[in-house]
Each structure stands twice: as structure tokens, then as C-alpha cells.
Amino acid sequence: MAPENAPLKKALITGITGQDGSYLTEFLLKKGYEVHGIIRRSSNFNTQRLEHIYIDPHNSSARMKLHYGDLSDASSLRKWVDTICPDEVYNLGAQSHVGVSFENPDYTADVVATGALRLLEAVRIHVESTGRLVKYYQAGSSEMYGATPPPQDETTVFHPRSPYAVAKVAAHFYTVNYREAYGLFACNGILFNHESPRRGENFVTRKITRAIGRIKIGLQKKLFLGNLKASRDWGFAGDYVEGMWLMLQQDKPDDYVLATENSYTVEEFLEEAFGYVGLNWKDHVEIDPRYFRPSEVDNLRGSAQKARELLGWQPKVNFKQLVAMMVDSDLERAKREKVLVDNGYIDSHQQP
Ligand code: NDP
Ligand code: GDR
């Protein structure tokens, strides 16, 4: 918590409604921050991951505030940076699905690459006109390494393998350039995959654990997947948001890898997750070529030595604990779904 009577530190987060945005918001609220989030307009509410920490803004104790904006709309970014006067800006917003980026490449580039540029410009102009110190975090990705073999660290060359990854490389270098050209306090976090019970349901780990909950409870029999041979360095999202914050608390801006330094194939994830509830994945999984990507990233395993030594950061949740946390959570969810199905409120194929 901030010392008594000290002005609250303000953070501005894009992507606040996403997995990482929700964990980062919880983390910063606990640290005593006032947290402002940019949310995009949607025909449905998209704030489910924030509901447990939402306090009506009419209540004076509310320290999380949401504002409509979009990374594709420079004017909204300029307005909110100038109005809120944040101390820290976390750019987590993205079309973050690698597979979808092959279907929507120019939208992905607009939001992920040019979106970062728009936000950096908003921060640069604000800093130049006010003289304030504003620290900027860019959500970089291990996908930028793509075809370069592991272990990958801050010195490893990028070889992106998807429109998403190419856009993240552009955002990475925009961030480096704004640091070098304008002296902006701007950091790139190069984060390896991190998951949680709040992971989007079309990423492979959550897709698997959701299916396990439903299979175990009798709501589903089959799970269709793509490439099972790809290997990923999977950590827990709650651990990684602390690393983002630590980067902005250093004396100088820099780039850091966050990773567990262990890698498992999708098949090993299946083995562990189905095995945890006494099921054999081979009885349920079928391959659907639709989920193969035109160019795949085969093997990611990070080296987080720099973050360990300079930030004092290390992950607390290991692979087995992560899988158990996600399966347990999705089993509970499936049990609630079953009650709705049994009482005729929804069909078994519907999401509650
Ligand atoms: P999510 O997909 O869960 O969240 C993405 C967020 O971006 C959502 O809040 C989404 O809003 C928002 N968003 C999408 N498009 C726009 C837009 N045009 N303008 C403003 N906001 C937008 O991602 P994660 O939380 O998992 O990841 C956070 C960031 O970290 C992303 O940039 C991702 O690329 C990056 N990253 C993630 C890793 C991971 O393993 N999770 C690893 C490395 C990097 P809405 O809710 O409305 O869809
Ligand atoms: P990734 O995560 O591409 O690493 O990007 P994802 O979970 O989508 O894929 C991981 C691996 O699993 C294979 N796979 C499948 N993937 C999905 N989504 N659905 C399937 O049915 C399926 N079957 C097999 C994929 O081919 C891939 O090899 C995530 C995102 O969070 C990015 O935003 C982030 O930058 C990186 O992690 C680090």
C-alpha cells in the first residue's frame, strides 16, 4: 500500500478485460494504485473477468475506472492519457490469438503494431507537453522468436512465424525506438506463454481443461485439436503480472524475458491434465486439420536469468500446479453447467 496521504499512483491499462489485464488490475489495486482501464465497445458486456473487483464508480472508494477507447483510435488514446495523467501505462491490448492472425492479418497489424505506436505517440506528446514522467510497458511475446531454437533470451534473434508475431516485433522495435529517440521510460516484457483459469477458451491449455471438466461430468465426449507436437514454456499469469510491474520500478528502462525455463508439448499437457482426473486423453482427442497453422512455432523455452538477477523475479507456480489449478476450476464450472442442463435451462452444447 502507498504511504498514508501520498497521492495515489495511477496506472492506465489497455486490454484490462483480458486475462493479464484482470490479474494486473488486482495486483495494482493491492499495491494502492488507482487503475484506469480502456475497454472497447462491444455488443455484449466484455468485463466478466473484472466483475469480482468492480465497485460502482459512484462509490467514492472505487479505485478501478473504465473508459471507452480502442487501440485503433488514436484520438481516444490521446484523450485518456491527457485526462488521466497516468504514472504507468501498460499496453496489454491486442488481437492476441496467433491462429486468428492468419485469418485477420491486417486488423491484427493495426491493433498490435500500429496500436502500440499510437499509444507511444500519445505518451510521448503528453510527456513533452507536461514534463511528467510516464512509464510505458509493452506486452511483447515469445512468439517473436518463432523459428529460432531455444533457449531464447533478450539477445536471441527474432524470426516471427505469424502475422501476430510480426506485428509484435514491430511493436517491440517501436518501443525501443521511442526509448532511444525520445528518452521515454519504455520497457518491453518478452513473456512466454502464461495461462490461468481466466485464459481465453480458444487457447490450447484452456480449451483442454474446459473440455476435461465437461467430459468428466458427461456434457461432452470429444475434443478436437491441431498440432500436438508444439512445445511451450507455460507459466501462471498471476506470476507474470508482477514481473511487468517490477520492470517499471527500476531506475532505467530495459527489456526482459519472463519464462519458467521449462517446456512441454501440447501432448504432455494433455497427458498431465487428463491424467489428473483419471482419464486417458487418447480416448477423447481427435485431430482436426483446421487447427493447424500455415507456419508453426515448434519449440519455445525461455531463459529468465536477467529478470531473476535484476528484477528479483521468479515464477511461483510450476507446470503441474498450473494444470491442477486450471482443471480444478473448470471441473467446478462444469458442475454448475450440469445443474443448468439437468434443469432444462440450457442445452449441453450451450455455454452458460
Ligand atoms: P487476452 O486475449 O486475454 O486479452 C486481450 C485484451 O486486449 C482484451 O482486453 C481485449 O478486449 C483487448 N483488445 C483487443 N482488441 C483491442 C483493441 N482494438 N483496442 C483495445 N483493446 C483491445 O490476452 P492476454 O491477457 O493473454 O495477453 C495480454 C497481452 O500480452 C496481449 O498483448 C498478448 O498479445 C500479450 N502476450 C500474452 C501472452 C500470454 O501467454 N497470455 C504471452 C506474451 C504476450 P476484449 O475483452 O474486448 O476482447
Ligand atoms: P500460442 O498459444 O499460439 O502459443 O500463443 P495457443 O494456446 O493458441 O497455441 C499453443 C500451441 O498449441 C497448438 N494447438 C492449438 N492451439 C489452439 N489455440 N487451439 C487448438 O485447438 C490447438 N491444437 C494445437 C498451437 O498450434 C500452438 O502450437 C499464445 C498467445 O497468448 C499469444 O498472444 C502469446 O503471445 C503467446 O502465447 C506467447
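Nothing here was measured: the structure is a model prediction, and the numbers come from that model. (Residues numbered from 1 in each chain as written. Chains lettered and ligands numbered in written order. Predicted model: local features only at pLDDT ≥ 70, side-chain atom pairs only at ≥ 80, totals over all residues. Heavy atoms only, no water.)

Undergrad: Any chance you could explain the packing of aromatic side chains here in plain terms?
TA: Given two aromatic rings, their pairing is described by the distance between the two centres and the angle made by the two planes. In total, this model carries 12 aromatic pairs according to the counting rule given. Consider the rings of Tyr-90 and Tyr-137, whose centres lie 6.0 Å apart with planes at 45 degrees: the pair is tilted. One end of the pair, Tyr-90, is in strand E4 (residues 88-91); the other, Tyr-137, is in strand E5 (residues 135-141), with 47 residues separating them in the sequence. In terms of burial, Tyr-90 and Tyr-137 fall into one category: buried. An aromatic cluster is built from Tyr-145, Phe-158, Phe-173 and Phe-192, whose rings are joined through pairwise contacts. Over the face of the ring belonging to Tyr-291 we find Lys-207, whose NZ or CZ atom lies 3.4 Å from the ring centre. The positively charged end of Lys-306 is found above the aromatic ring belonging to Tyr-256, 5.0 Å away from the centroid. (Phe/Tyr/Trp six-rings, centres within 6.5 Å; stacked < 30°, edge-to-face > 60°. Helix = DSSP H or I, 4+ residues; strand = E, 2+ residues; numbered from the N terminus. Buried < 20%, exposed > 50% of the residue type's maximum accessible area, 1.4 Å probe, protein only. Lys NZ or Arg CZ within 6 Å of the ring centre and 35° of its normal.)

Undergrad: When you look at the site of ligand 2 in this model, what are you seeing that I'm missing?
TA: Taken together, the neighbourhood of ligand 2 is formed by 23 residues, with Ser-96, Ser-141, Tyr-164, Arg-293 and Glu-296 sitting nearest. For ligand 2, a nitrogen atom lies 2.9 Å from a polar atom in the backbone of Asn-202. Side-chain polar atom of Lys-207 to an oxygen atom of ligand 2: 2.7 Å apart, as the coordinates give it. Alone, ligand 2 offers 700 Å² of accessible surface; in the complex the protein occludes 95% of this. Sorting the residues of the shell around ligand 2 by element identifies helix H6 (204-216) and strand E8 (223-225) as the ones contributing at least two each. Residues that form the shell around ligand 2 fall into these classes: 9 nonpolar, 8 polar and 6 charged. When residues are assigned to domains, the shell around ligand 2 turns out to be shared by domain 1 (10-198 + 234-258) and domain 2 (204-229 + 263-296 + 318-342), each giving three or more. (Near = heavy atom within 4 Å. Polar contact = N/O pair within 3.5 Å; in protein donor to acceptor, adjacent residues only side chain to side chain. Areas by Shrake-Rupley, 256 points an atom, 1.4 Å probe, with all protein chains shown as cover. Nonpolar A, V, L, I, M, F, W, Y, C, P; charged D, E, K, R; others polar. Domains from an automatic or database assignment.)

Undergrad: Looking at this structure, how should I read unusual backbone geometry?
TA: Among all residues save glycine, negative phi is the norm, and among peptide bonds the norm is trans. Backbone torsion omega between Pro-150 and Pro-151 reads -5 degrees, so that peptide bond is classified as cis. Positive phi, normally seen in glycine, also occurs at Cys-85, with a value near 50 degrees. Judged by its relative accessible area of 28%, Cys-85 falls in the partly exposed class. For Glu-261, which is not a glycine, the phi torsion comes out positive at approximately 75 degrees. Its place among the elements puts Glu-261 in the loop between strand E11 (255-258) and strand E12 (264-265).

Undergrad: Please explain the packing of helix H1 (residues 19-30) against helix H7 (residues 237-248) as it appears in this structure.
TA: Packed helix pairs are characterised by how far apart their axes lie and by the angle those axes make with each other. At their nearest, the axes of H1 and H7 sit 9 Å apart, and the two run at 65 degrees to each other. For the pair H1 and H7, the crossing hand works out as right-handed. For the pair formed by H1 and H7, the contact residues are Gln-19, Asp-20, Tyr-23, Leu-24, Phe-27 and Leu-28 on the first element and Ala-237, Gly-238, Val-241, Glu-242, Met-244 and Trp-245 on the second. Taken together, the residues of the contact of H1 with H7 sort by class into 8 nonpolar, 2 polar and 2 charged. (Axes fitted to C-alpha atoms, helices over the stretch in contact; angles between N-to-C directions. Left-handed = near helix turned anticlockwise from the far one by under 90°. Contact = heavy atoms within 4.5 Å.)

Undergrad: In this structure, what is going on with the domain arrangement of the protein chain? I would like to understand it.
TA: Many descriptions give the size of an interface as the accessible area lost when the pieces come together. According to the domain assignment, the protein chain contains domain 1 (10-198 + 234-258) and domain 2 (204-229 + 263-296 + 318-342). Domain 1 and domain 2 are separated by 28 Å when their C-alpha centres are compared. On the domain 2 side, the residues contacting the 12 residues of domain 1 number 16 residues. Here domain 1 and domain 2 share an interface that buries about 1,200 Å² over both sides, 67% of which is from carbon and sulfur atoms. Counting the surface domain 1 buries against domain 2, the share from its top three residues, Arg-161, Pro-197 and Trp-234, is 57%. The interface formed by domain 1 and domain 2 contains 4 residue pairs in polar contact (both at pLDDT 80 or more). Residue assignment for the side of domain 1 that touches domain 2 shows that the elements contributing at least two residues are helix H3 (98-103) and strand E10 (235-236). Considering every element that reaches the side of domain 1 that touches domain 2, the biggest residue donor is H3, with 3 residues. A breakdown of the residues in the side of domain 1 that touches domain 2 according to their chemical character gives 5 nonpolar, 4 polar and 3 charged. (Buried area = accessible area lost by both parts, 1.4 Å probe.)

Undergrad: So what exactly am I meant to see when it comes to the pattern of salt bridges here?
TA: If the charged atoms of two oppositely charged side chains come close together, the side chains can form a pair. Taken as a whole and assessed by the stated rule, the structure comprises 24 salt bridges. The closest approach of N and O atoms between Glu-26 and Arg-198, which form a salt bridge, is 2.7 Å. One end of the pair, Glu-26, is in helix H1; the other, Arg-198, is in the loop between strand E7 (194-195) and H6, with 172 residues separating them in the sequence. On the accessibility criterion, Glu-26 (16% relative accessible area) is buried. When the shortest N-O distance is used, the salt bridge between Arg-210 and Glu-201 registers 3.3 Å. (Salt bridge = Lys/Arg side-chain N within 4 Å of Asp/Glu carboxyl O.)

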